There are 2 protein chains.
Amino acid sequence: MQAELVIIGTELLLGEIVDTNAQFLARGLANCGINLYYKSTVGDNWVRIVETISRALSRSELVIISGGLGPTEDDLTRAAVAAVTNRTLELDVEALDTIEAYFRKRYGDRSMPPNNRKQAYLPTGAVVIPNRWGTAPGFILELSRSAIVALPGVPAELEPMFTATVLPYLQQKFRGEVFVTRNLSFTGIGESSLEELVKDIIQSQTNPTVAPYASQGVVRIRITARAATPEEGEALIDPVATMIAERTQPYLFSTTGQVLEEVIGERLTSAGWTLALAESCTGGLVGHRITNVPGSSRYFLRGYVVYSNEAKAADLGVKQATLAQYGAVSRETAAEMAEGVRAAAGADFGLAITGIAGPDGGTAEKPVGLVYIALASQGDTIVERHYFSGSRMQIKQRSAQAALTLLWKSVR
Amino acid sequence: MQAELVIIGTELLLGEIVDTNAQFLARGLANCGINLYYKSTVGDNWVRIVETISRALSRSELVIISGGLGPTEDDLTRAAVAAVTNRTLELDVEALDTIEAYFRKRYGDRSMPPNNRKQAYLPTGAVVIPNRWGTAPGFILELSRSAIVALPGVPAELEPMFTATVLPYLQQKFRGEVFVTRNLSFTGIGESSLEELVKDIIQSQTNPTVAPYASQGVVRIRITARAATPEEGEALIDPVATMIAERTQPYLFSTTGQVLEEVIGERLTSAGWTLALAESCTGGLVGHRITNVPGSSRYFLRGYVVYSNEAKAADLGVKQATLAQYGAVSRETAAEMAEGVRAAAGADFGLAITGIAGPDGGTAEKPVGLVYIALASQGDTIVERHYFSGSRMQIKQRSAQAALTLLWKSVR
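Model, not experiment: these values are computed from the prediction. (Residues numbered from 1 in each chain as written. Chains lettered and ligands numbered in written order. Predicted model: local features only at pLDDT ≥ 70, side-chain atom pairs only at ≥ 80, totals over all residues.)

**Points about the overall build of chain A**
- If you tally the helices and strands in chain A, you get 14 helices and 17 strands.
- Taking 22 Å as the expected radius of gyration for a compact globule of 412 residues, we find that chain A reaches 28 Å, considerably beyond that expectation.
- A principal-axis box enclosing the C-alpha atoms of chain A has dimensions of 85 × 55 × 40 Å.
- Across the 412 residues of chain A, 47% fall into the buried class.
- Contacts in chain A between residues at least 24 apart in sequence constitute 65% of all its contacts with a sequence separation of at least 6. (Helix = DSSP H or I, 4+ residues; strand = E, 2+ residues; numbered from the N terminus. Rg over C-alpha atoms; globule rule 2.2 N^0.38 Å. Buried ≥ 20, exposed ≤ 12 C-beta atoms within 10 Å, placed from the backbone. Contact = placed C-beta atoms within 7 Å.)

See below:
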């Protein structure tokens, strides 16, 4: 079962909006076990729309079109589908009723603009997809070897219409094989080093398939199985996931798609441990990530953003002698920050970050990107030295990730 | 001049990520006056990648490819471009040097994984696009009637590479009409209210065009002029920008694309004022945003993340009686937090946020989304009460934005 998306709208080609429909539809199809092989975006141009829909129909069994169903001159989808499939446009009475009802409900007595009547003309044989969230009806057109689904481009209309009408239609029509996916999430290792560890597994597998990828700062391995049922898919995935987990154990923090701060939060909660933070170069980012987790107030006692030496001394008790002898960015200061914040908050763990995020402030001895991370716990303080490249924002993000990784390793 | 994008990555067809590169590239091309006619997305599949690049080359003079330049087996772009253009892959010494330098800088003595060497093989005749932000070099390949530009799929690499190398290349190659764009940025007003204020201007303009839009939490008005030179474009924009600014003055914080925290930073720096933060429900996000600005250590003295009542009392001197009588989320506590943090840090401004980010912890009297923001300065404390809707993350983000807006209004 091979599907493809045709996204219509000049505004997407001008970069005026991010195309969230494509992601929504892609995820919906993946959840039905339908393979999405192509996504094409074209502007509101007759020749290019007709060309793109024709090609899609020639190679895919399911073509989902979004956009171009509005009432204006620019809205060409209905006519283009009719042209490509050698049909005419006919007034669909059910569609017209729905549009008129929408106008009555929304505007009371004000009558429907004549333009909107155009939206009720559908290719012969099409079945209307009701739109209770706006004026543009969608439609499903079944052909001998394929099907076209057309939806309006407004996400607030497309999304509920897909869920209410298209999803049940697809599940009924294309019942059969499902795709089951499991994501393993890693920290403290890069994508290519991770791939080296499991290269033979990637190459030897066909069902499930195994693919490493990086997105939004997290390195993941995606395991995808084709099967008759979700249970069979999971059973195919289990032994491969176990094999990968055995080799990657020092870096593997989740097999359920959780983010690192959620995994840490669960661990702290179940052990009854508490946390305090002292951030210099990350400026509050670690606290922000920790507190993105609902319920983090149970274990996160407090945080200090200590940008100045005065703050490091006053709030955390870092010794003036340490700052003078080793500097604010040093192994010794990091350790005193972690121990100081742990004591000040009365927490089980004190986590501290001090470094140079740049772009200024670096020296030959202490360049931009040098970051010390310290974790103090009862009777023990670990300090790590890192050297990160990138922009100020990337150095902050990499420092925060490294700090959470150190914490995770200590509480896992 | 007709361009087209080819976006490569199975993760996009699975709906795992939103494709922000497409928008970034589309906007960049529009600003150069280059027409983007097609955007095609395919997975990491040899046959479909080759087919899609071939078609793009057959109909467009400029083909920009993103993704598929990584070090793994799945990364097929280099080989596919070579196949489509009948070239071989050759080791590019400059590209290899850059990758090795990146690894040395990032990991010191740890040697480069052998996989990454693959990234330095480019189609014969290609010119490398340096990547200082990651391992994957891009390339430009000029053909007799067209050009291919290949960039890595990671936005943090693609975006600076496009700006540093591709944009100047395109501007030089495809000189002609230019598009000049100016963005006015607003805070404290929604997109549709802003549109109402300037509706007649939007409707009466053709060159420049005026369009409101919202992206990444900032409401903007984009003014775009077509002209023969950048100077002519700016001259067309000036009177329209002035007219809009006059009507929207209470909300307009930048006409140069700066973010709010940069504008605040410049103002604090030039006035010689200092800032301290006390964050409860935002958990460090305000500190993170403030410290994203290079040089923020000049005015940002320190921050406290005071999740617990103990921390509010110990670090900020919030009175136990206040907490007991009014609660942690109250006008009175917010004011004492702001005054307390100002005094503790010896800062000119103390900014405090306390609220309920949810999803739990709300009551009928104090529901999720209730947030107090206080700003203490010499002899004056302002408190604002907000009620935000949305997820925990959205409430944190809206609270941070409102806090920075309050600060901006006081220092502008």
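**With respect to the sheet that holds strand E14 (residues 300-306) of chain B**
- As summarised here, the arrangement of the 10 strands in space is E17(A)-E16(A)-E15(A)-E13(A)-E14(A)-E14(B)-E13(B)-E15(B)-E16(B)-E17(B), forming an open sheet in which the pairing is mixed. Strands at the two margins of the open sheet, each flanked by one partner only, are strand E17 (380-387) of chain A together with strand E17 (380-387) of chain B. If you compare each strand with its neighbour and ignore which way they point, the axes differ by 10° on average.
- Packing against the sheet, helix H11 (residues 309-316) of chain A makes contact with strand E13 (275-279) and strand E14 (300-306) of chain A together with E14 of chain B, and its axis sits at approximately 150° to E14(A). (Pairing = 2+ DSSP bridges. Axes fitted to C-alpha atoms, helices over the stretch in contact; angles between N-to-C directions.)

**Quick notes on helix H7 (residues 191-204) of chain A**
All names here are of chain A.
- For H7, spanning 14 residues, the distance from its first C-alpha to its last is 19 Å, which sits close to the expected 20 Å at 1.5 Å a residue.
- Maximum bend of H7: about 70°, positioned at Val198.
- The complete set of buried residues in H7 reads Glu191, Ser192, Leu194 and Glu195. (Expected span 1.5 Å × (residues − 1). Bend = angle between axes of the 7 residues up to and from the residue.)

**Digging into the pairing of E14(B)**
- Counting buried residues along E14(B), seven of its seven residues qualify, which places the element largely inside the surrounding structure.
- In this structure, E14(A) lies alongside E14(B), joined through five bridges in antiparallel fashion. Residue pairing for E14(B): Val306(A) is matched across the bridge by Arg302(B).
- Note: strand E13 (residues 275-279) of chain B against E14(B), five bridges, orientation parallel. If you follow Ala278(B) over to E14(B), its bridge partner there is Tyr304(B).
- Since E13(B) and E14(B) lie parallel, the crossover through helix H11 (residues 285-291) of chain B that links them has a hand, and here it is right-handed. (Right-handed = clockwise from strand over helix to strand, strands pointing away.)

**Things to note about the environment of Thr354(B)**
Residue and element names in this part refer to chain B.
- Tracing the sequence through the fold places Thr354 in strand E15 (residues 349-355).
- Among the residues examined, Thr354 registers 28 C-beta atoms within 10 Å and is labelled buried.
- With sequence-adjacent residues up to four places away left out, Thr354 is seen in contact with Ser280, Cys281, Ala328, Val329, Thr333, Ala334, Met337 and Tyr372.

**Observations regarding the sheet that holds strand E1 (residues 2-8) of chain B**
- Spatially, 12 strands are ordered E6(A)-E7(A)-E8(A)-E3(A)-E1(A)-E2(A)-E2(B)-E1(B)-E3(B)-E8(B)-E7(B)-E6(B) in an open sheet, and the strand pairing comes out mixed. At either end of the open sheet lies a strand with only one pairing partner, and these are strand E6 (127-129) of chain A together with strand E6 (127-129) of chain B. With direction set aside, neighbouring strand axes in the sheet form an average angle of 15°.
- Strand direction decides the pairing type here: strand E2 (residues 35-42) of chain A and strand E2 (residues 35-42) of chain B, joined by five bridges, are antiparallel. Looking at the pairing, Ser40(A) lines up with Ser40(B) of E2(B).
- Packed onto the sheet, helix H4 (residues 77-84) of chain A meets strand E1 (2-8), strand E3 (62-66), strand E7 (138-142) and strand E8 (147-151) of chain A and runs at close to 170° relative to E8(A).
- Lying on the sheet, helix H6 (residues 155-173) of chain A is in contact with E3, E6, E7 and E8 of chain A; it crosses E8(A) at an angle near 160°.

**Here's the deal with the pairing of E13(A)**
Residues and elements named next belong to chain A.
- Counting buried residues along E13, five of its five residues qualify, which places the element largely inside the surrounding structure.
- Because side chains alternate across E13, one face comprises the buried residues Leu275, Leu277 and Glu279, and the other comprises Ala276 and Ala278, equally buried.
- When E13 meets strand E15 (residues 349-355), the two strands line up parallel, connected through five bridges. The residue bridging Ala276 from the neighbouring strand is Gly350, located in E15.

**Comments concerning the interface of chain B and chain A**
- Opposite the 67 residues of chain B that make contact, chain A presents 64 residues.
- Listing elements by their share of the side of chain B that touches chain A, those giving two or more residues are helix H1 (10-13), helix H2 (20-31), E2, helix H5 (93-107), H11, E14, helix H12 (309-316) and helix H15 (392-411) of chain B.
- In terms of residue class, the side of chain B that touches chain A is built from 32 nonpolar, 21 polar and 14 charged. (Nonpolar A, V, L, I, M, F, W, Y, C, P; charged D, E, K, R; others polar.)

**With respect to the nonpolar core**
- In terms of nonpolar packing, the biggest core is built from 136 residues, with Ala338(A), Val341(A), Ala338(B) and Val341(B) touching the most fellow members.
- Leaving out residues up to four positions away in the same chain, Val341(A) has contacts with Ala276(A), Leu277(A), Ala278(A), Tyr304(A), Leu316(A), Gly350(A) and Ala352(A).
- Counting residues in hydrophobic clusters, the runner-up holds 101 residues, among them Ala22(A), Val6(B), Leu13(B) and Leu29(B). (Core = buried A, V, L, I, M, F, W, Y, C linked by C-beta atoms within 7 Å.)

**Concerning the packing of helix H9 (residues 260-271) of chain A against helix H14 (residues 392-411) of chain A**
Residues and elements named next belong to chain A.
- The interhelical angle for the contact between H9 and H14, taken along N-to-C directions, is 35°, at an axis separation of 10 Å. Relative to H14, H9 is oriented so that their crossing is left-handed. For the pair H9 and H14, contact is made by Leu260, Glu261, Val263, Ile264, Arg267, Leu268 and Ala271 and by Leu404, Leu407, Trp408 and Val411, respectively.
- Taken together, the residues that form the contact of H9 with H14 break down as nine nonpolar, no polar and two charged. (Left-handed = near helix turned anticlockwise from the far one by under 90°.)

**Thoughts on unusual backbone geometry**
Residue and element names in this part refer to chain A.
- For the bond from Asn207 to Pro208, the omega torsion is 5°, close enough to zero to count as cis.
- Although it is not a glycine, Asn86 sits at a positive phi angle of roughly 55°.
- Its location among the elements puts Asn86 in the loop between H4 and strand E4 (89-91).
- Its 8 C-beta neighbours within 10 Å are what place Asn86 among the exposed residues.

**Digging into the domain arrangement of chain A**
All names here are of chain A.
- Its domain assignment divides chain A into domain 1 (2-173), domain 2 (178-254) and domain 3 (260-411).
- Computed over C-alpha atoms, the centres of domain 2 and domain 3 are 31 Å apart.
- Contacts between the two partners involve five residues from domain 2 and, on the opposite side, six residues from domain 3.
- Within the side of domain 2 that touches domain 3, the residues separate by chemical class into one nonpolar, four polar and no charged. (Domains from an automatic or database assignment.)

**Details of the environment of Ser40(B)**
- One can find Ser40(B) in strand E2.
- Each C-alpha atom, one on Ser40(B) and one on Ile53(B), is 9.2 Å from the other, the two residues being 13 residues apart in sequence.
- Leave out the neighbours within four places in its chain, and Ser40(B) touches Tyr38(A), Ser40(A), Val6(B), Thr52(B) and Ala56(B).

**Notes on the environment of Glu336(B)**
Residue and element names in this part refer to chain B.
- Tracing the backbone through its elements, the reader meets Glu336 in helix H14 (residues 331-345).
- Measuring from C-alpha to C-alpha, the distance between Glu336 and Ser297 comes to 25 Å, with 39 residues separating the pair along the chain.
- Apart from residues no more than four positions distant in its own chain, Glu336 is found in contact with Val318, Lys319 and Thr322.

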